[in-house]
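# Report on the structure
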Amino acid sequence: MGKKINKSERIENIVSSKQQEGKKIRIDNNSLTYSGSISVGELATALNIKASDIIKKYFFKGLMLTINSPLDDNIIAEICIENNLDFNKEEKISNDNFEDLFRIKENPGDLVERAPVVTVMGHVDHGKTTLIDAIRNSRLVDSEFGGISQEIGAYQKEINGKKITFIDTPGHEAFTAMRSRGASVTDIVVLIVAADDGVMPQTIEAIDHAKAANVPIIVAINKIDAPGANSEKVISELMKYNIIPEKYGGENIFCEISAKKNIGIDNLLENILLEAEMLELKANPNRYALGTVLEARLDKGEGPKATFLIQNGTLKVGDYVIVGTTYGKIRRMSDDLNRIVSEALPSTPVSVIGLNEVPVAGDRFVALSDEKIAKDIANFRKLKKDEENRKSSITTSITDEEGNEIKNINIIIKANSTGAAEAVKGSVLKLNIPGTKINIIRAFAGAITESDVLLANASKAIIYGFNVRPDANVRNKAIEEKVEIRLHRIIYALIEELEATLKGMRKKKEVEQYLGQAEVRQTFKASKIGTIAGCYVIDGEITSTSLIRVLRDGSEIYNGKLAGLRRFKDDVKEVKQGFECGISILNFNDIHEGDIIEAYKMIEEELD
């Protein structure tokens with residue numbers, strides 16, 4: 001029945017869901033996929049056959065159909081088989097069941113072998129990135145701030161004709177959540193432990209993440225060439241955490257390596273491939289792509305940019321994607337060597353451009369053929385999340401167990417990547433200073449904007465920028481709105497500064513500390529400065545940073561700051577009792593002989 005069409009024609013015969021919202025037909029690789037109910041006319045158009053042929057066929061079977069009649073699944077299946085097509089019905093995509101797209105069962109016959117995804121984990125400075133360098137023959141470690149990885153990196157390497165995808169997760173404790181994400185998308189964990197250092201806190205944490213993800217652990221004992229290296233000590237320590245080498249009857253492969261000197265790397269790679277063979281890792285490349293966002297950031301020249309790990313299907317340039325609360329059309333993809341690619345198969349990490357906003361690292365993505373569906377679902381999810389954020393940001397007066405009021409500090413975090421923003425947020429929330437409470441108003445990737453400044457002003461918040469800087473307009477807006485912007489490049493420094501700020505917010509009272517007085521003996525006029533008072537310090541001292549008040553006949557006539565303090569022609573920091581000096585006062589020129597200039601400063605004292 002009907003003419004047979006070739007594969008290329010089938011691929012192009014797609015009925016857009018724009019014709020009838022909520023309905024979709026597509027043909028890929030001799031398989032028709034549809035959702036919702038479809039009519040005689042829609043199916044005929046997709047198959048490039050006549051609707052009248054379908055109507056006639058089923059008329060003789062006693063079924064009255066018209067071109068707009070909906071077809072049940074049995075009839076659709078029958079017609080597909082007659083036209084040499086497989087068939088598959090997808091559940092209708094809606095805002096509420098979006099997550100169901102990730103749980104579609106695959107036909108075993110559609111699955112093919114895929115590359116293993118290997119996550120390298122371990123304690124800070126145990127050599128994770130150096131190991132990746134040795135495998136890729138690159139120099140990644142040289143570009144890291146503070147000598148540690150602060151983002152997730154994903155790289156692919158071909159070993160003996162087979163590919164392995166590596167994920168390098170940061171080792172510092174601030175990046176716990178990022179390591180947790182790494183374990184959730186991985187097939188095999190390579191736990192790297194320095195032979196001269198042994199098991200450390202983040203080593204244990206990495207073990208916990210790997211066990212929680214139920215993935216096999218291969219141990220790489222690194223730095224075997226270092227002074228004090230002791231592999232047996234490492235093995236003994238790991239056995240306490242039920243990481244037992246095969247030679248002792250356990251299930252874990254142990255490899256001794258030196259990432260720095262490229263010793264034992266080939267053996268490690270061979271064992272990774274062996275473990276992957278045992279896992280029988282498979283995926284279906286002939287379906288829409290889905291996977292996880294490993295990292296995302298705002299690129300000054302290219303806009304929102306994300307690293308996707310394809311976990312199933314094939315992602316192609318031109319596909320529409322939903323990523324959490326964002327969406328977009330894939331305009332460009334590049335691999336880990338920055339080469340432009342047109343498609344990405346399962347287990348492949350790619351950098352993508354085309355999203356409307358910076359997504360959240362850790363969010364899952366799914367590719368669709370219809371932009372409207374992607375946009376509608378993303379907008380629905382965004383509105384829902386915004387509503388949740390508004391509810392959670394409402395603050396009330398808080399007291400501790402003894403009834404003392406707790407001081408709140410509101411913070412906005414902007415970073416160069418979502419992973420960094422998440423790490424800073426996690427570290428900030430760990431701070432525990434008695435009498436204070438931290439509220440994270442916003443923690444996003446991207447440049448500091450005027451919108452952030454306005455939000456900070458409204459919420460009385462401090463803006464912390466991590467590896468981002470505001471432009472001149474934003475700086476001016478911050479000054480205008482009296483908003484503090486504090487910038488950092490190293491996470492340790494940011495946390496230390498915030499901790500100091502919190503400690504400074506303990507309940508205190510501000511008191512005045514008297515410094516000294518100077519009597520005005522003479523006045524001079526200077527065209528560029530104003531009135532200069534020739535003074536004699538009669539008590540204490542006057543400092544260049546003093547706050548001052550001008551007293552006349554015992555009454556205060558002005559309160560402000562010094563504009564200048566001099567002895568003869570030199571600027572000085574202080575003038576003590578018994579010495580003469582020249583004083584100019586900021587924005588005040590009505591100085592008379594006999595006036596007293598009193599210097600003081602404000603200090604804070606703890607309340608009883």
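These numbers come from a predicted model, not from an experiment.

## Describing the overall build of the protein
- If you tally the helices and strands in the protein, you get 14 helices and 34 strands.
- Here the protein, with 608 residues, has 48% of them falling under the buried criterion.
- Partitioning the contacts of the protein with sequence separation of at least 6, the portion at a separation of at least 24 is 69%.

## Some thoughts on the packing of aromatic side chains
- Enumeration over the complete set of coordinates arrives at three aromatic pairs.
- Measuring from centroid to centroid gives 4.1 Å for phenylalanine 308 and phenylalanine 365, while their planes differ by 15°, and the two rings are stacked. Note that phenylalanine 308 is positioned in strand S15 (residues 303–312) and phenylalanine 365 in strand S22 (residues 364–368), a separation of 57 residues in sequence. Accessibility classification places phenylalanine 308 together with phenylalanine 365 in one group, the buried group.
- The ring of tyrosine 58 has lysine 57 sitting right over it, with the charged end atom 5.7 Å from the ring centre.
- Note that arginine 549 overlies the ring of tyrosine 600, its terminal NZ or CZ placed 4.3 Å from the centroid.

## Some thoughts on the side chain of threonine 348
- Counting through the fold element by element, threonine 348 comes out in the loop between strand S20 (343–344) and strand S21 (349–355).
- Among the polar contacts listed, one links the side chain of threonine 348 to the backbone oxygen of leucine 345, at a separation of 2.9 Å.
- If we ignore the near neighbours within four places in the chain, the residues touching threonine 348 are Gln156, Phe308, Leu309 and Ile310.

## Section: the packing of helix H3 (residues 51–59) against helix H4 (residues 73–82)
- The interhelical angle for the contact between H3 and H4, taken along N-to-C directions, is 115°, at an axis separation of 13 Å. In the packing of H3 onto H4, the handedness of the crossing is right-handed. Here H3 contributes Ile54, Lys57 and Tyr58 to the contact with H4, which in turn contributes Ile75, Glu78, Ile79 and Glu82.
- Among the residues forming the contact of H3 with H4, the class breakdown is four nonpolar, no polar and three charged.

## Here we look at the sheet that holds strand S11 (residues 217–222)
- The strand order across the open sheet built from six strands is S8-S9-S7-S10-S11-S12, with neighbouring strands paired in mixed fashion. The strands lining the two open edges of the sheet, one partner per strand, are strand S8 (153–159) and strand S12 (253–256). Neighbour to neighbour, the strand axes of the sheet diverge by 25° on average, direction disregarded.

## Let's talk about the sheet that holds strand S23 (residues 407–415)
- Pairing within the open sheet is parallel, and its four strands lie in the order S24-S23-S25-S26. The open sheet has two edge strands, strand S24 (436–445) and strand S26 (485–488), and neither has a second partner. Averaged over all pairs of adjacent strands, the angle between strand axes in this sheet comes to 25°, irrespective of strand direction.
- Bridging between S23 and strand S25 (residues 461–466) involves six bridges; their strand directions are parallel. Bridge pairing in S25 places lysine 414 opposite glycine 465.
- Contacting S23, S24, S25 and S26, helix H14 (residues 491–503) runs over the sheet at an angle of about 165° to S25.

## Comments concerning unusual backbone geometry
- With phi around 60°, asparagine 48 is a residue other than glycine that occupies positive phi space.
- Here asparagine 48 shows up in the loop between helix H2 (40–47) and H3.
- Given a relative accessible area of 35%, asparagine 48 falls into the partly exposed group.

## With respect to H14
- Helix length check: H14 (13 residues) gives 18 Å between terminal C-alpha atoms against 18 Å at 1.5 Å per residue, within 8%.
- Looking only at H14, the buried set comprises Ile491, Leu494, Ile495, Leu498, Thr501 and Leu502. Projected down its long axis, H14 shows its buried positions confined to an angular sector of 120°, all on one face. With respect to the buried face of H14, the exposed residues turned more than 90 degrees away are Glu496 and Ala500.

## A look at the environment of alanine 415
- Within the fold, alanine 415 resides in strand S23.
- Its relative accessible area of 0% is what places alanine 415 among the buried residues.
- Put simply, alanine 415 and phenylalanine 466 are 51 residues apart on the chain and 4.5 Å apart in space, counted from C-alpha to C-alpha.
- When neighbours within four sequence positions are excluded, alanine 415 is seen to be in contact with Ala420, Ala421, Phe444, Ala445, Gly446, Phe466 and Val468.

## Looking at the nonpolar core
- Of all hydrophobic cores here, the largest spans 26 residues; its most connected members are Leu131, Ile164, Phe166, Leu268, Leu269 and Ile272.
- Breaking this core down by element, the ones donating at least two residues are strand S7 (117–122), helix H5 (128–136), S8, strand S9 (162–168), strand S10 (188–194), S11, S12 and helix H9 (265–279).
- The element that contributes the greatest number of residues to this core is H9, accounting for six residues.
- Not counting residues within four places of it along the chain, the set of residues in contact with leucine 269 comprises Ile135, Ile159, Ile164 and Phe166.
- Residues Ile38, Ala44, Ile75 and Ile76 belong to the second largest nonpolar core, which totals 21 residues.

## Describing the pattern of salt bridges
- Tallying each qualifying case throughout the model produces 25 salt bridges.
- Two residues, glutamate 237 and lysine 233, come together in a salt bridge whose shortest N-O distance is 2.7 Å. Placement of both glutamate 237 and lysine 233 in helix H8 (residues 231–239) is noted, with a separation of four residues, approximately one turn of the helix.
- Exposure remark for lysine 233: the relative accessible area of 39% places this residue in the partly exposed category.
- Put simply, arginine 549 and glutamate 598 hold a salt bridge, and the shortest N to O gap is 2.8 Å. With arginine 549 in strand S29 (residues 547–552) and glutamate 598 in strand S34 (residues 596–606), the pair connects residues that are 49 residues apart, well separated along the chain. Of the two residues, arginine 549 and glutamate 598, both sit in the buried class.

Thresholds applied
- Residues numbered from 1 in each chain as written.
- Predicted model: local features only at pLDDT ≥ 70, side-chain atom pairs only at ≥ 80, totals over all residues.
- Heavy atoms only, no water.
- Helix = DSSP H or I, 4+ residues; strand = E, 2+ residues; numbered from the N terminus.
- Buried < 20%, exposed > 50% of the residue type's maximum accessible area, 1.4 Å probe, protein only.
- Contact = heavy atoms within 4.5 Å.
- Phe/Tyr/Trp six-rings, centres within 6.5 Å; stacked < 30°, edge-to-face > 60°.
- Lys NZ or Arg CZ within 6 Å of the ring centre and 35° of its normal.
- Polar contact = N/O pair within 3.5 Å; in protein donor to acceptor, adjacent residues only side chain to side chain.
- Axes fitted to C-alpha atoms, helices over the stretch in contact; angles between N-to-C directions.
- Left-handed = near helix turned anticlockwise from the far one by under 90°.
- Nonpolar A, V, L, I, M, F, W, Y, C, P; charged D, E, K, R; others polar.
- Pairing = 2+ DSSP bridges.
- Expected span 1.5 Å × (residues − 1).
- Arc of directions from axis to C-beta.
- Core = buried A, V, L, I, M, F, W, Y, C linked by side-chain atoms within 4.5 Å.
- Salt bridge = Lys/Arg side-chain N within 4 Å of Asp/Glu carboxyl O.

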